[in-house]
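If you want the building blocks of each chain, they are given just below.
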Amino acid sequence: MPNDFVSVIQPTASDPDRKRSTRALPVLPVRDTVLFPHAVLPLTVGRDSSIQLIQSLGEEKTILVVAQRDARQDSPESTELHQYGTLATIHKVVKMPNQSLFVFTEGTERIKLGEFEQSTPFLTANYETIPDVDPGKTPELEALQRNVVSQFQQVVTASPTLSDDLQTIALNIEEPGRLADFIGSSLPFLTTVDKQDLLETTDVAARMERLNQHLVKELEVQQLRSKIQNEVQDAVQQSQREYYLREQMKAISKELGEGDDTNKHITELREKIEAAGMPEDTKKEALKELNRLQRMNPAQPDYGMARTYIEWLAALPWAKSSGKEVDIKEASDFLDEDHYGLQKVKDRILDYLSVSRLKPDMKGPILCFVGPPGVGKTSLGRSIARALDRKFSRISLGGMHDEAEIRGHRRTYIGALPGQIIQHLKRVEVKDPVFMLDEIDKLGRDFRGDPASALLETLDPEQNNTFRDNYLDQPFDLSKVLFICTANQLDTIPGPLLDRMEIIELTGYTEEEKANIAVTYLVPRQIKENGIEPEQIDFPIESVRLVARHYTREAGVRKLEQQIGTICRKVARRIAEGKTEKLTITPEVVHEFLGGIKVRVDTEIAERTKRAGVAVGLAWTPAGGDVLFIEANKMKGKGGFTITGQIGDVMKESMQAALTWVRSNAVSLGLDEDFTKDTDLHIHVPAGAIPKDGPSAGVTMATALVSLLTDTPVHPLTAMTGEITLSGNVLPVGGIKEKFLAAKRAGVRDVILPTDCKQQVDEDLTPDQIEGVTIHYANRIEDVLAVTLPKTPREKIHDEEVREEVIHAAV
């Protein structure tokens, strides 16, 4: 295999005619090397067969040098050699220490191999000399020759590996064929295939043309290489220039006493890290990042990202807490001052405060306030923070779809930030705030992840002491945070998440509670927000009751406050027009400012229960409880039974059960056994656009059917709830408090409940809430009918009087 070589042109002449050899000559296969005529090439001979070939030469040192087709072959056969090679003379042989030979060979003529006569111990073959095809002196050839020489000079000048002497030798060669061979043997960038192609091209003009193409390509490559090198060098010089300028600025700033901003920032960050009170592992990671930042160039893109990360770590309240011992009596006063009622919630908070005084390292509870809109869930969270003397922060979860909003993004993303939990902790600057997770039942889910699943760790006291945000990638203790969630309903909250929270239900308010809340909180607030002086308006509690009863229909007080705000704005306009005397809000003023009565629930019950077949039930909704009318009617037919009102399957089954019970007890009810033979029955639940379902209207349906078939209207202002069985038993249902309060708001005076619900009434309803309403408990449907249906003509007359009284009182 060749090491390096320098081609030297020897002044020998070639025969223009082809000559066939008279005897076979040894063939020396070479790898990755092509020997051109008139060139001297040093060859390293190491194969046994090649060494034997050199040693067998006598006085005549003439051999055939031919390139292998595949350089990987150690013992090439005759078919594995190129057909064209070079007749060469060996001038000198040097024996190397490793037993290989260093042979100086000189090419004399092109040859084409003929038949091989010997294959061992080395190859011998006949050959035929191949003279150049010289087209003669033509202007085209001369121009091509000059162009090749010029380009060769440029290549030699630009190449650091080629000697400048090659230019002089090329200028002194006049024969085009010898010039092409010399240049071809001198160019190191030509591949073995390219050189072999030039060797096999006997036409001098074609050989010069191919060589010209190779030179043009090499010049383009060298120009691109030079351009790239210049650009890199310019960039390096610019970077060095910036470095020197920056060092000069540092020196100037130091002389002026201004200091270095970068070092100043690094020092500030180091002081913040030391003062943050981080855990040891987190502090170690922060200092590691700070040291990396100190070594970075501020102009690097990663500098800003690394600095922001360290600033987040240093700014978090790792060890800072409120640190105040709360007085239980004072906290109780704060809660009573801010919210009316809600005794169960207040007791739970005071219990937590009491335990925290006895056991300061206790974990914060995870509370979930569930109730209809407008009952004060969110404002209660602020009041709790005030009572605990802690910082408060509210995170709205409604419509949140991205899991990264909770856990944050990884630092590899551009513009990455921590999640909402860590961001709010940085804002409040303490590790034990009150966090309000608002509308947790309205979390979304899509391809970006499930935020509810991300909250599983956050809202678990056993896990959140090592909460790991994706951005920080360091554990943070959330166990001291008091998490308070709010929801309107529990159905949409995943089970595992619901299991981690302590559910506290906030039900709706009675009319009297609404009036007290309005007088104590809402009216003063709206007077202040609308710029009215307290002495310019008088808002009696009777007018507040009128607004609550006939202008709102809700479990909370949000709509009530809006209506009070409307009245205050009307008063503000009146004052602005110059009427500054004090205005008392009488019922007439309410009608003037708010228009006619919007809600007539109490008169509606009295009017609609005039006819037989109408009963009043009680329903639970996410917005609180509500009254539900069940209407039954009959007509001539063949025993059909029609059900309408956009009701669900469970409610349909309750209707079927109620009809079956009535038919099976027809005789005891004073009906014919086959009363359905010539009669079609139809049960309808009004408000047909609203979907309804559930078993709690079973007793109401049975009552409506009995009232219809016996032609006996039910008692006015009576409502009921309970599930019915085929045997006539009344089973307990849920949502008793919401249903009872809805009945009281509607003016109901008698409420029938399942006996098993008595415990819920005792626990959830206060004597003030029950006042004015009689509760009847029923085990069987017969108990319900005994309360709802009049038994004597005197009772019927009394019912009519009550109806007329209610209707006329509302006019």
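Residues numbered from 1 in each chain as written. Predicted model: local features only at pLDDT ≥ 70, side-chain atom pairs only at ≥ 80, totals over all residues. Heavy atoms only, no water.

Chemist: Explain the overall build of the chain to me, please; I cannot follow it from the model alone.
Modeler: Of regular secondary structure, the chain possesses 28 helices and 24 strands. For the chain, whose C-alpha radius of gyration is 51 Å, the value lies well above the compact-globule estimate of 28 Å for 811 residues. Put simply, the chain has 811 residues, and 48% of those count as buried. Across the chain, contacts joining residues at least 24 apart in sequence account for 74% of those joining residues at least 6 apart. Accessible surface computed for the chain: about 40800 Å², of which carbon and sulfur atoms make up 49%. Computing the positive centroid from 99 side-chain charges and the negative centroid from 125, the chain places the two 3 Å apart. (Helix = DSSP H or I, 4+ residues; strand = E, 2+ residues; numbered from the N terminus. Rg over C-alpha atoms; globule rule 2.2 N^0.38 Å. Buried < 20%, exposed > 50% of the residue type's maximum accessible area, 1.4 Å probe, protein only. Contact = heavy atoms within 4.5 Å. Areas by Shrake-Rupley, 256 points an atom, 1.4 Å probe, with all protein chains shown as cover. Lys, Arg positive; Asp, Glu negative; His and termini not counted. Charge placed at Lys NZ, Arg CZ, Asp CG, Glu CD.)

Chemist: Please explain the packing of aromatic side chains as it appears in this structure.
Modeler: For any two aromatic rings, the description comes down to two numbers: the centre-to-centre distance and the angle of the planes. This model, assessed by the stated rule, comprises five aromatic pairs. Relative to F104, the ring of F102 lies with its centre 5.2 Å away and its plane at 90°, an arrangement referred to as edge-to-face. Over the ring of W312 we find K426, and its NZ or CZ is 4.1 Å from the ring centre. (Phe/Tyr/Trp six-rings, centres within 6.5 Å; stacked < 30°, edge-to-face > 60°. Lys NZ or Arg CZ within 6 Å of the ring centre and 35° of its normal.)

Chemist: Looking at this model, I keep getting lost on the environment of R394. Mind explaining?
Modeler: Relative to the elements of secondary structure, R394 occurs in strand β8 (residues 392-396). For R394, the residues in contact, after removing those within four places along its chain, are T378, H424, M436 and D438. Here the side chain of R394 touches D438 through a polar contact of 2.9 Å, side chain to side chain. (Polar contact = N/O pair within 3.5 Å; in protein donor to acceptor, adjacent residues only side chain to side chain.)

Chemist: How should a negative patch on the surface be read in this particular structure?
Modeler: On the surface, D672, E673, D674 and D678 cluster together to form a negatively charged patch. Residue position: D674 is located in the loop between α22 (649-664) and β19 (679-684). Residue D674 is classed as partly exposed on the basis of its relative accessible area of 47%. (Patch = residues over 30% accessible without salt bridge, like charges linked within 9 Å, V, L, I, M, F, W, Y side chains within 5 Å. Salt bridge = Lys/Arg side-chain N within 4 Å of Asp/Glu carboxyl O.)

Chemist: Which parts of the structure should I look at to understand the nonpolar core?
Modeler: The nonpolar side chains of soluble globular proteins are, as a tendency, buried together. Grouped together as the largest cluster of nonpolar side chains are 55 residues, with contacts concentrated most on F369, I384 and I585. Those residues in contact with F369, other than ones at most four positions away along the chain, are V345, K377, L380, I384, I484, C485, T486, A487, I504 and L506. One finds A454, L459, Y471 and V481 within the second-largest nonpolar core, a separate group that totals 49 residues. (Core = buried A, V, L, I, M, F, W, Y, C linked by side-chain atoms within 4.5 Å.)

Chemist: Mind showing me how you'd approach the packing of helix α17 (residues 511-529) against helix α18 (residues 541-550) here?
Modeler: Relative to each other, α17 and α18 sit at 120°, their axes nearing to 9 Å. Like other packed secondary-structure pairs, α17 and α18 cross with a definite hand, here right-handed. Contact residues: α17 offers E511, E512, K514, A515, N516, A518, V519 and V523, while α18 offers I541, V544, R545, A548 and R549. Considered class by class, the residues forming the contact of α17 with α18 number seven nonpolar, one polar and five charged. (Axes fitted to C-alpha atoms, helices over the stretch in contact; angles between N-to-C directions. Left-handed = near helix turned anticlockwise from the far one by under 90°. Nonpolar A, V, L, I, M, F, W, Y, C, P; charged D, E, K, R; others polar.)

Chemist: Just to check I follow, could you spell out unusual backbone geometry for this structure?
Modeler: The phi angle of most residues is negative, glycine excepted, and most peptide bonds adopt the trans form. Cis rather than trans, the peptide bond between T120 and P121 has omega equal to -5°. Within the element layout of this structure, P121 appears in the loop between β5 (101-118) and β6 (124-129). Phi is positive for Q646, close to 50°, though the residue is something other than glycine. Position of Q646 among the secondary structure elements: in the loop between β18 (641-644) and α22. With relative accessibility at 43%, the residue Q646 sits in the partly exposed group. Here the phi dihedral of L717 falls at roughly 55°; this positive angle occurs in a residue that is not glycine. Since its relative accessible area comes to 3%, L717 is described here as buried.

Chemist: What is the right way to look at the confidence of the model for the chain in this model?
Modeler: For residues with low pLDDT, the predicted coordinates do not support detailed interpretation. In this model, the chain carries an average pLDDT of 81, and 93% of its residues clear a pLDDT of 70 or more. Ranking the helices and strands of the chain by mean pLDDT puts strand β23 (residues 750-754) first, with 92, and helix α21 (residues 601-608) last, with 72. Counting interchain partners and residues more than four positions distant, the pLDDT-below-50 stretch residues 1-16 has 38 contacts. (pLDDT = per-residue confidence, 0-100.)

Chemist: Quick question: what am I supposed to make of helix α14 (residues 420-428) here?
Modeler: One full turn of an α-helix is made of 3.6 residues, so residues set three or four places apart face in the same direction. Counting buried residues in α14 gives seven out of nine residues, a clear majority hidden from the surface. Just beyond α14, the residue with positive phi is E429, at close to 65°.

Chemist: Explain the pattern of salt bridges here, please?
Modeler: Should the charged atoms of two oppositely charged side chains come close, the side chains can pair. With the rule as written, the count across this model stands at 25 salt bridges. Among the ionic pairs, R31 bridges to D74, the shortest N-O distance being 3.1 Å. On the criterion of sequence distance, the pair formed by R31 in the loop between β1 (25-30) and β2 (40-45) and D74 in the loop between β3 (62-67) and β4 (84-95) is long-range, its members being 43 residues apart. The closest approach of N and O atoms between D132 and R110, which form a salt bridge, is 3.3 Å.

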